[in-house]
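Next come the chains, spelled out residue by residue.
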Amino acid sequence: MSDILDVLRGLVGNVVAFIVMVVLAIVTFFITVFVVDQGAALAGYTDLSGDFVVLSATILVASTILAGIMNT
């Protein structure tokens, strides 16, 4: 019975960790979109397309997540 509880604890822990990582990735993405947009405005690029802002924010967030995975 103890083995089943250990497996269930591990499963619940993994599900919670997954949900937290997804939420943090979404929040980080929105913050990065804001930072990229403001940085482009400071650099004088006012007619920047939203596609490029989202693309650059996605690349930054994905590289950060991959770097975090590689360090563990």
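First, a word on what this report is: a plain description of the structure on this page.

Calculation criteria
Residues numbered from 1 in each chain as written. Predicted model: local features only at pLDDT ≥ 70, side-chain atom pairs only at ≥ 80, totals over all residues. Heavy atoms only, no water. Helix = DSSP H or I, 4+ residues; strand = E, 2+ residues; numbered from the N terminus. Rg over C-alpha atoms; globule rule 2.2 N^0.38 Å. Buried < 20%, exposed > 50% of the residue type's maximum accessible area, 1.4 Å probe, protein only. Areas by Shrake-Rupley, 256 points an atom, 1.4 Å probe, with all protein chains shown as cover. Salt bridge = Lys/Arg side-chain N within 4 Å of Asp/Glu carboxyl O. Contact = heavy atoms within 4.5 Å.

1. Considering the overall build of the protein
Point 1. A tally of regular secondary structure across the protein gives two helices and zero strands.
Point 2. Compactness check: the protein gives a C-alpha radius of gyration of 18 Å against a globular reference of 11 Å for 72 residues, more than 25% above the reference.
Point 3. Here the protein holds 72 residues, and the buried ones make up 8% of them.
Point 4. Put simply, the protein shows about 5900 Å² of open surface, and 76% of that area lies on carbon and sulfur atoms.

2. Quick word on the environment of G13
Point 1. You can see G13 is positioned in helix α1 (residues 2-42).
Point 2. With 27 residues separating them in the primary sequence, G13 and A40 have C-alpha atoms 40 Å apart.

3. Let's talk about the pattern of salt bridges
Think of it this way: side chains of opposite charge can pair up when their charged atoms draw near.
Point 1. Scanning all chains against the criterion turns up one salt bridge.
Point 2. When the shortest N-O distance is used, the salt bridge between R9 and D6 registers 3.3 Å. With R9 and D6 both in helix α1, this residue pair falls three residues apart, about one helical turn.

4. A closer look at the side chain of T32
Point 1. Note on placement: T32 falls in helix α1.
Point 2. Judged by its relative accessible area of 13%, T32 is buried.
Point 3. Excluding residues that lie within four positions of it along the chain, T32 makes contacts with A57, L60 and V61.

5. Details of the environment of A25
Point 1. In this fold, A25 is placed in helix α1.
Point 2. Here A25 falls in the partly exposed class, since its relative accessible area comes to 23%.
Point 3. Counting along the chain gives 36 residues from A25 to V61, while the straight-line C-alpha distance between them is 7.3 Å.

Fair warning: the whole summary comes from geometry, so function is off the table for now.
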